[in-house]
Amino acid sequence: MPEPVPRPIRDELLALIREDYRVRETLARDGTLFDGYHPDMRAVHDGNAGRLDEIVTRHGWPGRAIAGEDGAEAAFLIAVHAIAQPPLQRRWLEILGAAVATGDAPLRHLAHLEDRVRTLEGRPQRYGTQFDWDADGEMSPLPIEDPDRVDRLRAEAGLMPLADAVRRQREAATSGPERPPDDWYARALRLEQWRREVGWTEEPGESVS
């Protein structure tokens, strides 16, 4: 049985995500946030991921019942930001799914985390929540498994239609500090190498025994 959760758990989750955004804003201001995965940003994400997993192991997923709406939102954000932790994100995907099934977490949390895991593994996403620069310099959804069905899945998860999300993402990209990469193909190669290094994908010719 999960242990009772002390009240400070919610406050701790909120403090962790505040630190995440503080570091992000600092790096965005000096322009270094967008040049690969900054080591300071990764250190925060990895540290937050480790603490979240301790909470999950001891208490179960910190959803609404034990963390409140804002604490559950913070836990979700910590989870999707832990991009260098394949084992943890895959583990949390199953645990968060159980929380969604009982109504303790919203389906949109699971939609985002599932899409994050799929795209990092090099697979098409289901809900169209993950965006990146495309080869034409536009902020666009990463490949989607079933484009004809995606808006129905998004509606079920409480997400806006994909066309509206694309428009919003592109407006934010235009007004924000990040710019399209100068060499999209070189950036794509660096990303693929990073995904292999952290364990999201296999080297060519490798197989899982």
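Presented here is a report on the structure given in the accompanying data block. Quick caveat, the model's predicted, so the values are computed rather than measured.

## Section: the environment of alanine 79
Checked against the element boundaries, alanine 79 lands in helix α3 (residues 64–81). For alanine 79, a relative accessible area of 1% corresponds to the buried category. Distance in space between the C-alpha atoms of alanine 79 and glycine 97 is 13 Å, their sequence separation being 18 residues. Setting aside chain neighbours within four positions, we find alanine 79 in contact with Leu52, Trp61, Gln89, Trp92 and Leu113.

## A few points about the packing of aromatic side chains
Throughout the structure, instances matching the rule amount to 2 aromatic pairs. Both rings, one in tyrosine 37 and one in tryptophan 194, keep their centres 5.9 Å apart while their planes meet at 80 degrees; by these two values the pair is edge-to-face. One end of the pair, tyrosine 37, is in the loop between α1 (8–30) and α2 (39–59); the other, tryptophan 194, is in helix α8 (residues 184–198), and 157 residues separate them in sequence. Judged by its relative accessible area of 15%, tryptophan 194 is buried. A ring pair is formed by tryptophan 184 and tyrosine 185, whose centres lie 5.0 Å apart and whose planes are at 90 degrees; its orientation type is edge-to-face. The class for tyrosine 185 is exposed, based on a relative accessible area of 57%.

## Observations regarding the pattern of salt bridges
Applying the stated rule across the entire model yields 19 salt bridges. One salt bridge in this structure joins arginine 118 and glutamate 145, with 3.1 Å as the shortest N-O distance. One end of the pair, arginine 118, is in helix α5 (residues 107–120); the other, glutamate 145, is in the loop between β2 (139–141) and α6 (150–156), and 27 residues separate them in sequence. Taking relative accessible area as the criterion, arginine 118 reaches 11% and is therefore assigned buried. What makes glutamate 145 partly exposed here is its relative accessible area of 47%.

## Here we look at the side chain of asparagine 48
By secondary structure assignment, the location of asparagine 48 is in helix α2. You can call asparagine 48 buried: its relative accessible area is 6%. Apart from residues lying up to four places away in sequence, asparagine 48 is in contact with Leu16, Asp20 and Ile78.

The rules behind these values
- Residues numbered from 1 in each chain as written.
- Predicted model: local features only at pLDDT ≥ 70, side-chain atom pairs only at ≥ 80, totals over all residues.
- Heavy atoms only, no water.
- Helix = DSSP H or I, 4+ residues; strand = E, 2+ residues; numbered from the N terminus.
- Buried < 20%, exposed > 50% of the residue type's maximum accessible area, 1.4 Å probe, protein only.
- Contact = heavy atoms within 4.5 Å.
- Phe/Tyr/Trp six-rings, centres within 6.5 Å; stacked < 30°, edge-to-face > 60°.
- Salt bridge = Lys/Arg side-chain N within 4 Å of Asp/Glu carboxyl O.

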